[in-house]
Amino acid sequence: MAVPTTRRHPRVPHPPHRIPLLGDVIGVSITKPTQNAMAYARRLGPIYERRVLGYRFTFVSGAELAAELNDEKRFRKQLGVALEALRPIGHDGLFTAHNDEPNWSTAHNVLLPGFTQSAMRGYHQTMLDTVRELTRHWDRQCDDGTWVAVTPDMNKVTLETIGRAGFGYEFGSFSSEEQHPFVAAMLRALSFAQRSTFKIPVPLLGGALTRRTAQQNRADLAYLAEVVDEVIASRRANPHERRDDLLELMLTSTDPESGRRLDEVNIRNQVITFLIAGHETSSGALSFALYYLANHPEVADRARAEIYRAWPAGAEPDPTFEQVAKLRYLRHVLDETLRLWPTAPGYMREAREDTLIGGRYPMKAGDAAFVLLPQVHRDPAWGPDADAFDPDRFLPEHAHSRPGHVYKPFGTGIRSCIGRQFALHETVLALALILHRYDLEPEPGYRLDVEELLTLKPSGFRVQLRRR
Ligand code: MNH
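These numbers were taken from a predicted model, which means no experiment stands behind them.

With that settled, consider the domain arrangement of the chain. Each assigned domain of the chain is listed with its residue range as follows: domain 1 (1–77 + 343–376) and domain 2 (91–341 + 406–467). Between the C-alpha centres of domain 1 and domain 2 the distance comes to 30 Å. Roughly 2500 Å² is buried in total at the junction of domain 1 and domain 2, and carbon and sulfur atoms are behind 61% of that figure. Linking domain 1 with domain 2 are one salt bridge. Lys32 serves as the salt-bridge partner of Asp449, at 2.6 Å between the closest nitrogen and oxygen.

Counted according to the given criterion, the structure contains 18 aromatic pairs. Taking 6.1 Å as the distance between ring centres and 75 degrees as the angle between the ring planes, the aromatic pair formed by Phe59 and Phe370 counts as edge-to-face. Here Phe59, found in strand 2 (residues 55–60), pairs with Phe370, found in strand 8 (residues 368–372); they are 311 residues apart in sequence, far enough to count as distant. For the pair Phe59 and Phe370, a shared accessibility class is recorded, and that class is buried. Note on Trp382 and Tyr407: the rings are 6.2 Å apart at their centroids and 70 degrees apart in plane angle, and the pair reads as edge-to-face. Here Trp382, found in the loop between helix 16 (373–376) and helix 17 (420–437), pairs with Tyr407, found in the loop between helix 16 and helix 17; they are 25 residues apart in sequence, far enough to count as distant.

Those residues carrying the UniProt feature "binding site: heme" (unreviewed entry) are Cys417 in this numbering. Here Cys417 shows up in the loop between helix 16 and helix 17.

Parameters and conventions
Residues numbered from 1 in each chain as written. Predicted model: local features only at pLDDT ≥ 70, side-chain atom pairs only at ≥ 80, totals over all residues. Heavy atoms only, no water. Domains from an automatic or database assignment. Buried area = accessible area lost by both parts, 1.4 Å probe. Salt bridge = Lys/Arg side-chain N within 4 Å of Asp/Glu carboxyl O. Phe/Tyr/Trp six-rings, centres within 6.5 Å; stacked < 30°, edge-to-face > 60°. Helix = DSSP H or I, 4+ residues; strand = E, 2+ residues; numbered from the N terminus. Buried < 20%, exposed > 50% of the residue type's maximum accessible area, 1.4 Å probe, protein only. UniProt positions renumbered as here; feature names shortened; annotations may be inferred.

If you want it as structure tokens, here you go:
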């Protein structure tokens, strides 16, 4: 029965127990904000809002509403508080640039040639060499009962890959037991940014942003800049060492549209941005995929059957670019992994003009909503078993039973992921070589624990490796 109301529009659902001034702070989680938002979505439905300390957050997790937000004619990217908090790290680099900042389009145009298919072909050998460093490292720990921590090793592979393929820089991740200080500084800076999201150092929201951590943060940011400036300077000093990579493009090419080039400071911002955006998410994707493969031996066997057709068991595979692109089943494993755990768990969309979403919830121009991807990717429209891992959902013949325009692990529109093909190639290649070489025995009793630091990753997931 309709309830008489003086409002023309229904109110967006919000959690019970709203506290004056503070708002919906009960149950706010700074360490697992995405999983917390998912739990609320299950209770409150396809759209809900939370007010926290004067901020209003609208979460959209229904497929139909998400499809509206993905419409570039009505909505566009907004940074929102989460990405604003990363500005001190990324500044006007591609990921954290505002839509209308001139350096966004200049960098986008300058860097696009670095992400074409022919560019991917150029990175293939570097990617392959890097994965082989991983398997050499793993060969020393297999068949002897060692529990190998998966996520930290995937971090190493993807950081080395983007460092080498993008900028000709090696972190030496596999040649030392120690974490490279660049990685340590980057992780501390990300964690500082995440904790400073609300700019208010209340213990409730994740604890002390003390003078000391602020000082450490300044030192970390300065160190990141210093390392990157060295990489740039060494390339400039050796112009005969020309390479086909992202750094070369930024140092030498002009945006055909504006005739502008990137300046020193912006190139530094882009390198830092790519080192972070180009490895965190891919590493999480690889880690989740290995978690699912280790726990679904029937899926791993089907993937191996495909892999062994290309490179017979026992032989040392020497994959070509084309062969990797043809591993369709393995690609579906990755697609399904990123459906359940999109490692970049969502994005903000703001209304271009005053509008209604779902035909009834008003948004004013500039109002934004967060597309909560893991929940959108589990909308009932995916079927009754939306929480189950099933790579066959991505078979072409099942396309009609997937909800349209809402599978968006790489974001949407003009600001979607520029590194998508890079990520797909490096992850499929790595998974193929790993499955070809090892059986993965998951740690008994391990329950998936998803850790959040900007991106999502399985925490504490370990396997025993057996050489096949
Ligand atoms: Mn990536 C933007 C997901 C790998 C570089 N990336 C995005 C966005 C998503 C995303 C989602 C959009 C965010 C938003 O709208 O606010 N990215 C991923 C995932 C993987 C990934 C799930 C791996 C799996 N990304 C990579 C790799 C690189 C990269 C690899 C670089 C080589 N991503 C970017 C950059 C942007 C971006 C740069 C910002 C693009 C722009 O706004 O112009």
